[in-house]
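# Residue-level structural notes
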Amino acid sequence: MHSDLQQANAQQLATLCDQLVIRDLGIEDYTTVWQAMQQFTDTRTVATTDELWLLEHHSVFTQGQAGKEEHLLFPGDIPVVKVDRGGQVTYHGPGQLVVYVLLDLKRRNLGVRALVTLIEQVLVQLLQPYGINAYAKADAPGVYVDEAKIASLGLRVRKSCTFHGLALNVAMDLSPFSRINPCGYAGMQMIQCKDIGGPQSIAEAKQRIVQCFQQALSITTLHTKTGLDWQND
């Protein structure tokens, strides 16, 4: 009986690891989504399917837990939100693809460092077919092309589950980055896909990044959802 139960549990675990919910949220206010992913993480159980939330944000600067005030040079009329992810200050705005990565690390037998590497490789793979040679740096999380940053990364882990995620510059106004030291680096040059022959639209970038995550996480079944009402899906 005991071995039957173990077998059933192992089977359920394998089934859950094979699945991923892709939640397309369109364009959303930062704080609303931040609170929602905290709530999702706090209330999820061992039977909750992992999710990726794909969206754009209205203009906002977000400052990570280690964030230093001096990296906010002149935020001006753009709001600053202090958040519970790792990393320093960054900018989110329309035309940037944000992907929140809501995974049960224990279930997937993934360490935090391994997940960071996986996300960076997803971004590298996304850009590869466009002839873009992107790469990660050991000392500065994110993805770079010719020493300029095209994607930022910041995660939080609670109860072995992750939230927050990545931001890929696709086709946006990059000028707000000049009001901060991006990710704490003075003079860090930020670039975007549109200008270097990568995906030209958020829709194209979304499609590619889902394919790359599906491959990286060995997902067989994708469930596409919209809206933040996951309790009633």
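Refer to the structure presented above.
Scope of this entry: the structure provided in the associated data block. Residue numbers restart at each chain and count upward from 1, following the sequence in its written direction. Owing to the predicted nature of the model, reporting of local features is limited to residues with pLDDT of at least 70; listing and counting of side-chain atom pairs is limited to 80 or more, with chain, interface and lining totals taken over all residues. As a convention, hydrogens and water are excluded, and side-chain values are obtained from all of the structure's heavy atoms.

What is meant by a nonpolar core is a set of buried Ala, Val, Leu, Ile, Met, Phe, Trp, Tyr and Cys residues, joined one to another through side-chain atoms within 4.5 Å. Accessibility here uses a 1.4 Å probe with only protein chains present; expressed as a share of the type maximum, an area under 20% marks a residue as buried, one over 50% as exposed, and anything in between as partly exposed. If you look at the biggest cluster of nonpolar residues, it comprises 41 residues, and the most contacted ones within it are Val99, Ile119, Ile150, Leu166, Leu168, Ile209 and Phe213. The helix and strand labels rest on DSSP assignments: H or I over at least four residues marks a helix, E over at least two residues marks a strand, and numbering proceeds from the N terminus. When contributions to this core are tallied by element, the ones reaching two or more residues are strand S1 (19–28), strand S2 (51–57), strand S6 (96–102), helix H4 (112–127), strand S8 (140–145), strand S9 (148–158), strand S10 (161–169) and helix H5 (202–216). For this core, the leading source of residues is H4, giving nine residues. Whether two residues are in contact is decided by their heavy atoms: any pair within 4.5 Å suffices. In this structure, Ile150 is in contact with Leu127, Val143, Tyr144, Val145, Ala167, Leu168, Asn169, Ile191, Gln192, Cys193 and Ile196, ignoring residues within four places of it in sequence.

What follows covers the sheet that holds strand S7 (residues 135–137). Only strands joined by at least two bridges in the DSSP assignment are considered to pair. With respect to topology, eight strands assemble into an open sheet ordered S7-S8-S9-S10-S6-S2-S1-S11, the strand pairing being mixed. For this open sheet the edge positions go to S7 and strand S11 (221–226), each flanked by a neighbour on one side alone. The mean angle between the axes of side-by-side strands here comes to 20 degrees, regardless of whether they run parallel or antiparallel. One ladder, built from five bridges, connects S6 with S10; its direction is antiparallel. In the sheet register, Leu97 faces S10, and the bridge partner there is Leu168. Sheet strands touched by H5: S1, S2, S6, S10 and S11. Its angle to S6, the strand with the most contacts, is close to 30 degrees. Axis lines are fitted through C-alpha atoms, for helices just across the contact stretch, and the angle between N-to-C directions can take any value from 0 to 180 degrees.

Here we come to the layout of surface pockets. Method remark: on a 1 Å grid restricted to protein atoms, a set of points is classed as a cavity if a 1.4 Å probe fits but cannot get out and as a pocket if it is open with protein on both sides within 12 Å along at least five of seven lines; lining residues have an atom within 4 Å of a point. Grid points are joined across faces, edges and corners, and a volume is the space filled by probe spheres set on the points. Put simply, the largest pocket is a space of about 320 Å³. Counting residues per element, the ones that place at least two in the lining of the largest pocket are strand S5 (89–92), S6, S8, S9 and S10. Per-element accounting of the lining of the largest pocket gives the leading share, five residues, to S9. Classification used: nonpolar for Ala, Val, Leu, Ile, Met, Phe, Trp, Tyr, Cys and Pro, charged for Asp, Glu, Lys and Arg, polar for all others including Gly. Looking at the lining of the largest pocket, its residues break down into 13 nonpolar, nine polar and two charged. By volume, the second largest pocket is sized at about 200 Å³. Contributing to the lining of the second largest pocket are Leu13, Arg44, Thr45, Val46, Asp104, Lys106, Arg107, Lys159, Ser160 and Cys161. When the residues that make up the lining of the second largest pocket are grouped by side-chain class, the tally is three nonpolar, two polar and five charged.

On to the side chain of Arg44. Examined against the element boundaries, Arg44 turns out to sit in the loop between helix H2 (30–43) and S2. Any pair of nitrogen or oxygen atoms within 3.5 Å is treated as a polar contact; in protein, a donor-acceptor pairing is required on top of that, and neighbouring residues in sequence qualify only through side-chain atoms on both sides. In terms of polar contacts, Arg44 uses its side chain to reach the backbone carbonyl oxygen of Leu102, at 3.3 Å. When sequence neighbours within four positions are dropped, the list of residues in contact with Arg44 reads Thr49, Asp50, Leu102, Leu103, Asp104, Arg107, Lys159 and Cys161.

For the rest of this paragraph, the subject is the pairing of S8. Along S8, five of the six residues are buried, which leaves the element largely enclosed by surrounding structure. Joining the antiparallel neighbours S7 and S8 is a turn of two residues. Where S8 and S9 come together, three bridges link them in antiparallel fashion. Bridge pairing in S9 places Val143 opposite Ala151. Hairpin connection from S8 to S9: two residues lie between these consecutive antiparallel strands, with Asp146 at a positive phi of about 50 degrees.

Below, the discussion takes up the packing of aromatic side chains. The rule is short: rings of Phe, Tyr and Trp, with Trp giving its six-membered ring, pair when the centres are within 6.5 Å, and they are stacked under 30 degrees, edge-to-face over 60, tilted in between. With the rule as written, the count across this model stands at seven aromatic pairs. When the ring of Phe40 is compared with that of Trp53, the centres are 5.8 Å apart and the planes differ by 70 degrees; the resulting orientation is edge-to-face. Of this pair, Phe40 sits in helix H2 while Trp53 sits in strand S2, placing them 13 residues apart in sequence. Seen in terms of ring centroids, Tyr135 and Tyr144 are 6.4 Å apart; in terms of plane orientation they differ by 25 degrees. Their pairing is stacked. Accessibility expressed as a relative area gives 24% for Tyr135, which makes it partly exposed. Tyr144 sits in the buried class, given a relative accessible area of 0%. Put simply, the rings of Phe40, Trp53 and Trp230 pair up and form one aromatic cluster. Over a ring means this: the NZ of a Lys or the CZ of an Arg is within 6 Å of the ring centre and within 35 degrees of the ring normal. The ring of Tyr144 carries Lys137 above its face, with NZ or CZ at 4.6 Å from the centroid.

By convention in this document, the label disulfide applies to cysteine sulfur atom pairs within 2.5 Å. Under the definition given, this model contains zero disulfides. Take Cys183: it sits in no disulfide, and the sulfur closest to it among the cysteines is that of Cys193, at 16 Å. Residue Cys193 stays outside any disulfide, its sulfur separated by 12 Å from that of Cys212, the closest cysteine. On the accessibility criterion, Cys193 (0% relative accessible area) is buried.

By themselves these figures say nothing about function.
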